[in-house]
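# Coordinate inspection notes
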Amino acid sequence: MKMFSLRISGICAAAGALCLAACATSAMPQERLIASQSSIRAAEEVGAEKVPAAALHLQLAREQIEQAKKFMQQGANERADLVLQRASSDAELALALAREAPLRAQAQQAIDKLQALKTKVAQ
Amino acid sequence: MLIHSSRAAAARRMAPQISRLGAVAALLLAGACASVQPVPRELVDARDAYNRAVAGPGAELAPAQLHTAKQSLDRAEHEFEDEPEAVETRDLAYVAQRKAQIAESQAGAELAKQQEVQANKGLGEAKDSLNQQTTAQLASAKEALAKSQMQTREALVKMGGLKNAVKQEERGLVITLAGNVLFGSGKSMLLPAARRQLDEIAQALSHARDQNIVVEGHTDATGSREINASLGHRRAKAVADYLIKKGIPGDKISAVGKGPDAPVAGNHTAEGRASNRRVEIVVQAQGTSK
């Protein structure tokens, strides 16, 4: 009887631990949501809207945040967390592309100037 | 009874073999199932994006971001091994693809910065080269001009009659011809003697083909200023036209009527007035300006 009681209490402890773990992973991903929104703002600030490739990823990020909010309302927090990871990665890519575009344009401008001057020197 | 017991014994002997065969079959089946498991499109894209980033300048220019991309891809691959059909696998693969694209973009930005620095450096060098080239061309042109002026002067000085008529001034080489030698009084038609003299001058000026020549017609102050100015111009034009006929390029020569405005002597004596009635042929020091 004593042995049986010990087994029961062990099972309960294990079940409790599992329940805690489950509850922890399914908490609302508020921090992830804030981080995603912050990444979107960063991309907007560097002019991602004006760079077509960046604008596309910015749009995807916004759509995924809305999608994640719906999952959160439905209590599907794990799914929401992953969708927010997708949103963050799109926003970060938009930021990178928006920073890259003017640097490429400046480099091309300098290369064109150099080419024109070289042609002039050669004449 | 004996037969039955022998069959049972045979069945007992076969049982372990049958169970081994079953296990092998189950393993084969599991293996077959694993091998045909389709890879999600997101994971295929993520692998492609990572391979592209690694093959590009990312390894050198964005190694940290490339490392992050590799970690994301590993997470997606592990998830695919554990749960091939799970939506999480596709999500993690999607994130991994974006991380690889970010690495590629950061490397592209760094490369653009380097290219700009390199191009600007080349631009500076090319400008220096062009300046040196221009300076050398200018020096060469100046040298050629000085040589040409010297040759023209030497050629003019060789003509005995013009020896004292040639002067080097700041504005260039000036040949002064007396008005009474070139024209009749108040006229602008060249005298035959003047033509011979101008033939020699035209020949000497052939050394100055790249230089601008200005012919100035000067008069004394007797009579109306307007008439003198007009006479000065007509005389200068007559000389310039004659020189053009003799081969001096028309776009290099011009005629100016100065009238009585630039006397070289006083107009109160006959000698002074004679000195003022003159034509000056100026071979300009600057080859480009008229």
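Up top you'll find the structure we're talking about.
Now for a description of the structure that goes with this document. Treat the numbers as computed from the prediction; the structure is a model and nothing was measured.

Contacts between the two partners involve 23 residues from chain A, matched on the other side by 25 residues from chain B. For the side of chain A that touches chain B, the class distribution of residues is eleven nonpolar, three polar and nine charged.

Let us look at the nonpolar core. Ranked by internal contacts, the top residues of the largest apolar core, which has 50 residues, are A:A43, A:A94, A:A98, B:A46 and B:A96. Contributions of two or more residues to this core are made by α2 (30-45), α3 (52-73) and α4 (77-122) of chain A together with α2 (41-55), α4 (63-82) and α5 (87-158) of chain B. The element that contributes the greatest number of residues to this core is α4(A), accounting for 16 residues. Leave out the neighbours within four places in its chain, and A:A43 touches A:A48, A:A54, A:L58, A:A91, A:A94, A:L95 and A:A98. Ranked by size, the runner-up nonpolar core spans 29 residues in total, among them B:L198, B:A208, B:A240 and B:I248.

All names here are of chain B. Sheet topology places strand β1 (residues 166-169) next to strand β2 (residues 172-178); four bridges connect them, and they run antiparallel. Looking at β2, one finds that K167 is bridged to V174. In this structure, the hairpin formed by β1 and β2 is closed by a connection of two residues.

To continue, consider the pairing of β2(B). Within a regular strand, side chains alternate between the sheet's two faces. In this sheet, strand β5 (residues 278-284) of chain B lies alongside β2(B) in antiparallel orientation, the contact comprising seven bridges. Bridge pairing links B:I175 to B:I281 in β5(B).

The subject of this paragraph is α3(A). All names here are of chain A. With 22 residues, α3 should cover 32 Å at 1.5 Å per step; its first-to-last C-alpha distance of 32 Å lies within 8% of that length. Every buried residue of α3 is listed here: A54, H57, L58, A61, Q64, I65 and A68. Buried positions in α3, seen along its axis, are confined to an arc of 125 degrees and lie on one side of it. Facing away from the buried surface of α3 by more than 90 degrees, the exposed residues are P52, E66, K70 and Q73. Looking at the packing, one finds that the buried side of α3 touches α2 and α4.

Turning our eyes to something else, we now look at the sheet that holds strand β3 (residues 213-218) of chain B. Residues and elements named next belong to chain B. With mixed pairing, the five strands of this open sheet are ordered in space as β1-β2-β5-β3-β4. Strands with a single pairing partner mark the edges of an open sheet, and in this sheet they are β1 and β4 (253-259). Averaged over all pairs of adjacent strands, the angle between strand axes in this sheet comes to 25 degrees, irrespective of strand direction. Here β3 pairs with β4 via six bridges, running parallel. Bridging across to β4, H218 finds its partner in G259.

The rules behind these values
Residues numbered from 1 in each chain as written. Chains lettered and ligands numbered in written order. Predicted model: local features only at pLDDT ≥ 70, side-chain atom pairs only at ≥ 80, totals over all residues. Contact = placed C-beta atoms within 7 Å. Nonpolar A, V, L, I, M, F, W, Y, C, P; charged D, E, K, R; others polar. Core = buried A, V, L, I, M, F, W, Y, C linked by C-beta atoms within 7 Å. Buried ≥ 20, exposed ≤ 12 C-beta atoms within 10 Å, placed from the backbone. Helix = DSSP H or I, 4+ residues; strand = E, 2+ residues; numbered from the N terminus. Pairing = 2+ DSSP bridges. Expected span 1.5 Å × (residues − 1). Arc of directions from axis to C-beta. Axes fitted to C-alpha atoms, helices over the stretch in contact; angles between N-to-C directions.

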